[in-house]
Amino acid sequence: SPLVVTIPVGGRVTFTNADTRPHDFSGGPDPSRPECPEIDAAGFVVPGQSRQTGVFTVARTCEYHDHAYLGVAAFTGRIVIQ
């Protein structure tokens, strides 16, 4: 949360796991369309942990999903880099 976040070029996003189960963030809307490797840098986040993405160096929109919970809309989102 939030499901959409806007950041400047050169920024990062921090994923914080406030859940009771681990999450595995991947760039792209689903595994068949990998994109935005900056998101993959956050990767696997256990409960209580925070991890940052890589630096977003290009203006674009990146979708992401939780690889552990494919198809669950609550575990997807979008990062808008401006």
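Sequence order as written defines residue numbering, which begins from 1 separately in each chain. The predicted origin of the model limits local features to residues at a pLDDT of at least 70 and limits the giving and counting of side-chain atom pairs to 80 or more, whereas totals for whole chains, interfaces and linings rest on all residues. Calculated side-chain values reflect all of the structure's heavy atoms, with hydrogen atoms and water omitted.

Colleague: Would you take a moment to explain the state of the cysteines for this structure?
Modeller: What we call a disulfide is simply a covalent bond connecting the sulfur atoms of a pair of cysteines. Disulfide assignment relies on a single distance test, namely cysteine sulfur atoms paired within 2.5 Å. As enumerated under the stated definition, the model contains one disulfide in all. Here Cys36 pairs with Cys62 through a disulfide, and the sulfurs are 2.0 Å apart. Between Cys36 and Cys62, the S-S torsion sits near -85°, and that sign places the bridge as left-handed. Taken as a pair, Cys36 in the loop between β3 (23–27) and α1 (37–40) and Cys62 in strand β6 (residues 60–66) lie far apart in primary sequence, 26 residues in all. A relative accessible area of 4% places Cys36 in the buried class. Note on classification: 1.4 Å probe, protein chains only; a residue is buried when its accessible area is under 20% of the maximum for its type, exposed when over 50%, partly exposed between these limits. The exposure class assigned to Cys62 is buried, which follows from its relative accessible area of 0%. Secondary structure elements follow DSSP: runs of H or I of four or more residues count as helices, runs of E of two or more count as strands, with numbering from the N terminus.

Colleague: What exactly am I supposed to notice about the pattern of salt bridges here?
Modeller: Note on pairing: side chains with opposite charge can pair once their charged atoms come close. The term salt bridge refers to a side-chain nitrogen of Lys or Arg lying within 4 Å of a carboxyl oxygen of Asp or Glu. Applying the stated rule across the entire model yields two salt bridges. The residue Arg21 makes a salt bridge to Asp19 at a minimum N-O spacing of 3.1 Å. Take Arg21: its relative accessible area is 36%, and that puts it in the partly exposed class. Residue Glu38 pairs with Arg60 through a salt bridge whose shortest N-O separation is 2.4 Å. Taken together, the positions of Glu38 in helix α1 and Arg60 in strand β6 put the pair 22 residues apart, joining distant regions of the chain.

From the geometry alone we can't say anything about function, so treat these as descriptive.
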